[in-house]
Amino acid sequence: MLPSDPLSRHFRIDIAHQKALKRLHVETVGELLYHLPVRYEDVSDIQSVQGLAVGGEAVVYGQLGGLKARKAWKSRRPIAEGYLEDGTARIKLMWFNQPYIAKMYRDGQYVKAVGKVTGTPGKEYIANPELEPLDHLPIDRHDSIFKTSNSEDTIYPVYRESQGVTSRWFYHTAIKCFESGVLQSLKDPIPEEIRKRYKLYPLDTALRYIHSPKKLEHAEGARKRFAFEEVFHIQVEMARRRAAISAATTYEINSGEDHVREFVERFPFKLTTAQSKAIKEVLQDFKRPHAMSRLLEGDVGSGKTAVAATTAYAVAVSRPPEGKSAGERGGLEYGNLQVAYMAPTEILAKQHFESFIQYFSHLPVQIGLITGSGCYKFPSKSDPRKPTKISRTQLLKWVKNGEIPILIGTHALIYKSVEFKHLAYVIIDEQHRFGTNQRKALTKKGAPLPHLLSMTATPIPRTLSLTIYGDLDITLLDQMPAGRKAVITKIIGPQQQAPMYEHVKTELKSGRQAYVICPRINEPDPEKENALNLKSVVAEAERLQRDIFPNTRIDVLHGKMTPTEKDKVMARFLAHESDILVATSVVEVGVNVPNATNIIIEGAERFGLSQLHQLRGRVIRGTYQPYCFAVTESKSEKTRDRLKALITAKNGFELSEYDLQFRGAGELYGGKQSGLSDLGMEAIKNLKLVEAARNEARNLVEKNPDLSNHPQIKDRLAKIDQSLHME
Ligand code: ADP
Ligand code: MG
């Protein structure tokens with residue numbers, strides 16, 4: 001048996017099974033061995049439904065039944081209910097104000113249920129349990145498969161499953177692979193000296209320990225090793241990317257500091273210290289011989305555009321190395337180094353274009369806008385204070401000959417037909433994961449590598465940035481402009497909604513608007529998830545209209561709408577032709593509506609704190625006092641405590657760190673898309689491990705840039721390359 005052998009060569013696998021394995025990306029023996037358990041359970045820990053008592057916490061496994069939604073007798077509150085049966089007894093499950101839950105699951109489904117046992121003896125039920133669907137019960141309580149003669153060996157691994165393949169199968173198959181001796185043919189990708197330095201198990205031991213631990217310590221040690229291995233590989237990849245960038249030639253930009261100061265002084269506001277620092281860092285990078293690769297992270301409203309504009313200015317007034325300038329205009333000389341500024345949507349590209357026009361209106365610097373629906377140039381010949389619509393051909397001609405130093409746009413920017421003369425600086429807004437790819441796409445063959453500034457409002461913990469953005473330098477904009485009214489945030493528990501709705505009514509009466517965000521429903525099947533989310537939005541809008549806000553204009557926004565429909569709804573809301581916008585969180589409420597000062601977030605406990613923070617950022621911009629209501633049905637102290645961090649934390653970064661520590665790394669906003677496995681995400685909690693992996697990786701790449709001495713690492717990187725920073 002070899003690691004590269006397809007599993008079907010050694011094991012009997014039917015078609016359904018094959019498909020399931022494919023979904024999990026487990027097709028070879030090696031992939032099976034690297035399909036690591038997500039956790040361990042202890043047989044002796046499992047509770048039976050029969051043994052549950054009122055007041056206790058229940059963690060039970062079983063089958064669902066009797067699911068239905070109804071209204072409570074007196075309060076008419078919507079309730080979902082059902083029961084869970086585990087072979088010893090059945091217990092009732094009840095969810096208050098979450099009738100959709102009855103539709104999310106089906107009778108007969110296997111689940112893990114966690115919640116508090118409530119009610120009275122004989123009439124107990126689990127209140128608002130959290131359910132985790134399982135394709136198979138992890139163990140049958142009466143099954144002795146995981147038990148051995150030694151009564152202390154009660155821990156067993158639980159794997160990520162998929163319909164058609166169970167945890168048990170993974171466990172037994174891994175054991176059979178060990179027995180075949182395949183471990184001897186595996187080569188350890190972590191060099192021995194590094195393993196010794198951090199006391200990491202060698203690969204064969206680690207694999208045995210992780211799949212069939214005799215003691216929990218063994219499993220933990222093995223997990224540490226694989227966590228290190230994953231982060232280490234990513235860091236090697238990032239170190240290589242950095243090395244490649246350092247080797248490439250770039251444009252050195254040496255703009256006069258006085259020039260920049262003058263530019264900044266014309267802003268209608270004073271820069272925050274964080275903004276000034278960010279600008280300084282970028283300008284310093286510009287002077288270095290290798291291209292900048294920098295990530296600018298700052299909350300919504302922290303003023304990233306001003307940083308982009310100032311640094312773009314520094315480039316637009318610099319000359320290409322040959323000393324040829326585009327000409328002399330108005331007594332000032334302007335070089336023709338160029339800037340490309342890319343935004344994720346057309347609306348945002350237009351907003352940036354308008355901001356730039358304000359910042360550059362006093363200067364003879366031409367600015368272009370390119371989107372799918374048309375091209376503009378500033379200034380217009382007939383009115384030097386206004387932009388003018390021009391043809392795409394004309395715009396591209398001026399970009400190509402260098403006359404337009406700043407080009408703002410959407411994805412239309414990276415079409416092949418767009419050619420720059422001296423592209424020296426690329427700014428990417430809100431697509432941090434793609435920044436380096438887009439720079440590549442924008443760079444002409446043989447041309448110097450432009451500097452890159454990637455900007456994002458997604459707060460992520462430091463360890464995660466160090467890893468997935470390990471090829472970038474990071475600047476934080478961790479300060480809000482003075483005078484912003486902070487959002488008043490309230491956590492609204494069960495039955496506390498009435499005053500909240502009263503407040504919003506008053507706000508609407510005085511002319512404000514409100515968002516209502518519906519809980520996110522996570523389903524393994526994205527199609528179903530979409531349909532469910534849509535349903536909850538539409539149902540909530542109807543309920544609000546009928547029961548709470550009868551004479552109010554309510555609109556809905558959800559992922560099943562076309563971009564044109566979404567734009568229409570947003571335009572109506574912006575023009576105050578609707579008062580309340582009910583939306584899913586999946587739909588990015590992208591446009592800035594200063595008059596919308598209230599946001600109600602239903603099912604707040606289902607979100608990460610940093611995501612809640614981003615959602616509430618939508619109401620910060622206006623001059624009115626903004627309010628955020630995080631509504632939760634959960635009675636759990638822990639949930640309330642977690643949500644309270646929204647009130648106490650200073651900024652999004654602090655919240656992202658809370659998310660990492662308290663909620664589990666796997667649920668971090670952006671975590672799942674980062675290309676890290678669950679174990680890798682777990683590793684991110686450990687700053688020491690991340691830093692060690694980073695240092696070792698940098699050393700290794702410095703000594704052996706082409707990795708010729710480390711073929712195993714090289715093999716693995718080929719795979720990582722596809723999953724990181726790419727879509
Ligand atoms: P974001 O970081 O979300 O992209 P923007 O750059 O769009 O934020 O800035 C948000 C708003 O704050 C804009 O209207 C901008 O003019 C304003 N602004 C930016 N910097 C400052 C500052 N230092 N003081 C006051 N207002 C500022
Ligand atoms: Mg912005």
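Note that this is a predicted model, so its numbers are computed, not measured.

**Student:** Help me understand the overall build of the protein, please; the structure alone is not making it clear to me.
**Tutor:** On a plain count of helices and strands, the protein comes out with 23 helices and 24 strands. Every one of the 727 residues in the protein was classed for burial, and the buried ones make up 53%. Pairs at least 24 apart in sequence give 71% of the contacts found in the protein among residues at least 6 apart. Of the accessible surface of the protein, which amounts to about 34000 Å², a share of 51% is contributed by carbon and sulfur atoms.

**Student:** Please clarify how the sheet that holds strand β6 (residues 123-134) should be interpreted in this entry.
**Tutor:** One key point about sheets: their strands pair by backbone hydrogen bonds, in either a parallel or an antiparallel sense. Taken in spatial order, the five strands of this closed barrel run β2-β3-β4-β6-β5, and their pairing is mixed. In this sheet, adjacent strand axes meet at a mean angle of 50° when their direction is disregarded. With ten bridges connecting them, strand β5 (residues 110-120) and β6 associate as antiparallel partners. Residue pairing across strands places valine 114 opposite glutamate 130, the latter belonging to β6.

**Student:** Explain unusual backbone geometry here, please?
**Tutor:** Where the residue is not glycine, phi is negative for most of them; where a peptide bond is considered, it is trans in most cases. Along the chain, phenylalanine 378 connects to proline 379 via a cis peptide bond; the corresponding omega equals -5°. Relative to the assigned elements, proline 379 resides in the loop between β13 (374-378) and β14 (388-390). A positive phi angle, near 60°, is found at histidine 25, a position not held by glycine. Mapped onto the elements, histidine 25 comes out in the loop between α1 (15-23) and α2 (29-33). Classification of histidine 25 by relative accessible area gives exposed; the value is 60%.

**Student:** Just to check I follow, could you spell out the environment of threonine 443 for this structure?
**Tutor:** Position of threonine 443 among the secondary structure elements: in the loop between α13 (435-442) and β17 (451-456). Placed 23 residues apart in sequence, threonine 443 and phenylalanine 420 show a C-alpha to C-alpha distance of 8.7 Å. Excluding its chain neighbours within four sequence positions, the residues that come into contact with threonine 443 are Pro448, Leu449 and Pro450. A distance of 2.6 Å separates a polar side-chain atom of threonine 443 from the backbone oxygen of arginine 439.

**Student:** Can you help me understand the site of ligand 1 in this one?
**Tutor:** Inspection of the region around ligand 1 gives 16 residues, with Lys270, Gly301, Lys304, Thr305 and Arg484 positioned closest. Contact distances for ligand 1 include 2.9 Å between a nitrogen atom and a side-chain N or O atom of glutamine 275. A distance of 3.1 Å separates an oxygen atom of ligand 1 from a polar atom in the backbone of glycine 303. Considering ligand 1 on its own, with 570 Å² of exposed area, one finds that the protein chains cover 75% of that surface. Among the residues forming the shell around ligand 1, the class breakdown is five nonpolar, six polar and five charged.

**Student:** How should I be thinking about the packing of aromatic side chains in this particular structure?
**Tutor:** The relation between two aromatic rings is expressed through the spacing of the ring centres and the mutual angle of the planes. Under the counting rule described, the total for this entry stands at 18 aromatic pairs. Ring centres 5.7 Å apart and planes at 75° place the aromatic pair phenylalanine 263 and phenylalanine 267 in the edge-to-face group. Classification of phenylalanine 263 by relative accessible area gives buried; the value is 2%. Overall, phenylalanine 267 belongs to the buried group, its relative accessible area being 6%. One aromatic cluster is present, built from ring pairs that chain together Phe263, Phe267, Phe269, Tyr313, Tyr341, Phe356, Tyr359 and Phe360.

**Student:** Any chance you could explain the confidence of the model for the protein here in plain terms?
**Tutor:** Should pLDDT be low for a region, the predicted coordinates there are not to be read in detail. With 88% of its residues at a pLDDT of 70 or more, the protein has an overall mean of 86. A low-confidence stretch, residues 140-151 stays under pLDDT 50, and its non-local contacts, those more than four residues away or across chains, total 17 contacts. Low pLDDT, under 50, characterises residues 323-334; the predicted model gives this stretch 21 contacts beyond four residues in sequence or across chains.

**Student:** Even after reading the chapter, I still don't get the packing of helix α9 (residues 273-287) against helix α10 (residues 304-316), so can you show me in this structure?
**Tutor:** Packed helices, taken two at a time, are described by the angle between their axes plus the distance between the axes. Where α9 contacts α10, the axes come no closer than 10 Å and their chain directions differ by 30°. Relative to α10, the element α9 is oriented roughly parallel. Like other packed secondary-structure pairs, α9 and α10 cross with a definite hand, here right-handed. Of α10, the residues touching α9 (which contributes Gln275, Ala278, Ile279, Val282, Leu283 and Phe286) are Ala306, Val307, Thr310, Thr311, Ala314 and Val315. Per-class residue counts for the contact of α9 with α10 are nine nonpolar, three polar and no charged.

**Student:** Is there a simple way to think about the pairing of strand β22 (residues 580-584) in this case?
**Tutor:** In the case of a regular strand, side chains alternate between the two sheet surfaces. The buried count for β22 comes to five of five residues, which makes it a mostly enclosed element. Where burial is concerned, the two faces of β22 agree: the one with Ile580, Val582 and Thr584 and the one with Leu581 and Ala583 are both buried. Looking at chain direction, strand β20 (residues 513-518) and β22 are connected through five bridges and run parallel. Paired with alanine 514 across the bridge in β22 is isoleucine 580. As judged from the four bridges shared by strand β21 (residues 554-557) and β22, these two strands associate in the parallel manner. Paired with valine 556 across the two strands is valine 582, which belongs to β22.

**Student:** How should I be thinking about the packing of helix α4 (residues 167-179) against helix α6 (residues 203-211) in this particular structure?
**Tutor:** Closest axis-to-axis distance for the α4/α6 pair is 10 Å, and the angle between their directions is 150°. The orientation of α4 relative to α6 falls into the category roughly antiparallel. Between α4 and α6 lies a crossing of left-handed hand. Counting all contacts with α4, which are made through Tyr171, Ala174 and Phe178, the residues of α6 involved are Leu207, Arg208 and His211. When its residues are assigned to classes, the contact of α4 with α6 shows four nonpolar, one polar and one charged.

**Student:** Would you mind going over the sheet that holds strand β12 (residues 367-371) with me for this structure?
**Tutor:** Across the sheet, nine strands lie side by side as β14-β13-β12-β15-β11-β16-β17-β8-β18; this open sheet has mixed pairing. Strand pairing shows two members of the sheet lacking a second neighbour, β14 and β18 (473-477), which therefore form its edges. Each strand of the sheet is rotated relative to its neighbour by a mean of 20°, with strand direction disregarded. Sheet topology note: the β12/β13 ladder contains five bridges and is antiparallel. Bridge pairing in β13 places threonine 371 opposite glycine 374. Seen against the sheet, helix α12 (residues 392-400) touches β11 (338-342), β12, β13, β14 and β15 (406-409) and runs at an angle of roughly 130° to β12.

**Student:** Quick question: what am I supposed to make of α13 here?
**Tutor:** Buried within α13 we find Gly435, Thr436, Gln438, Arg439 and Leu442. The buried residues of α13 occupy an angular sector of 160° when projected down its axis, which confines them to one face. Turning to α13, the residues buried within the fold contact α7 (216-247), β8 (293-298), β11, β16 (423-429) and β17.

**Student:** Which parts of the structure should I look at to understand the environment of glycine 435?
**Tutor:** In this structure, glycine 435 sits in helix α13. For the pair glycine 435 and leucine 472, spaced 37 residues apart in sequence, the C-alpha to C-alpha distance is 9.9 Å. Apart from the residues lying within four places of it in its own chain, the contact partners of glycine 435 are Ile428, Leu452 and Ser454.

**Student:** I tried to follow the pattern of salt bridges on my own but got confused; where do I start?
**Tutor:** As a working rule, side chains carrying opposite charge can pair if their charged atoms are close by. If you walk through the whole model with that rule in mind, you get 35 salt bridges. A salt bridge links lysine 68 to glutamate 81, with the nearest nitrogen and oxygen atoms 3.1 Å apart. With lysine 68 in strand β2 (residues 57-71) and glutamate 81 in strand β3 (residues 78-85), this pair connects stretches of sequence that are 13 residues apart. Since its relative accessible area comes to 8%, glutamate 81 is described here as buried. Glutamate 281 is paired through a salt bridge with arginine 294; the nearest N and O atoms lie 3.4 Å apart. Separated by 13 residues along the polypeptide, glutamate 281 in helix α9 and arginine 294 in strand β8 bring together distant segments of the chain. A relative accessible area of 23% means that glutamate 281 is categorised as partly exposed. One salt-bridge network, in which partners are shared between bridges, spans Asp188, Arg195, Arg225, Glu229 and Arg716.

Rules behind the numbers
Residues numbered from 1 in each chain as written. Chains lettered and ligands numbered in written order. Predicted model: local features only at pLDDT ≥ 70, side-chain atom pairs only at ≥ 80, totals over all residues. Heavy atoms only, no water. Helix = DSSP H or I, 4+ residues; strand = E, 2+ residues; numbered from the N terminus. Buried < 20%, exposed > 50% of the residue type's maximum accessible area, 1.4 Å probe, protein only. Contact = heavy atoms within 4.5 Å. Areas by Shrake-Rupley, 256 points an atom, 1.4 Å probe, with all protein chains shown as cover. Pairing = 2+ DSSP bridges. Axes fitted to C-alpha atoms, helices over the stretch in contact; angles between N-to-C directions. Polar contact = N/O pair within 3.5 Å; in protein donor to acceptor, adjacent residues only side chain to side chain. Near = heavy atom within 4 Å. Nonpolar A, V, L, I, M, F, W, Y, C, P; charged D, E, K, R; others polar. Phe/Tyr/Trp six-rings, centres within 6.5 Å; stacked < 30°, edge-to-face > 60°. pLDDT = per-residue confidence, 0-100. Parallel < 35°, antiparallel > 145°, perpendicular 65-115°, else oblique. Left-handed = near helix turned anticlockwise from the far one by under 90°. Arc of directions from axis to C-beta. Salt bridge = Lys/Arg side-chain N within 4 Å of Asp/Glu carboxyl O.

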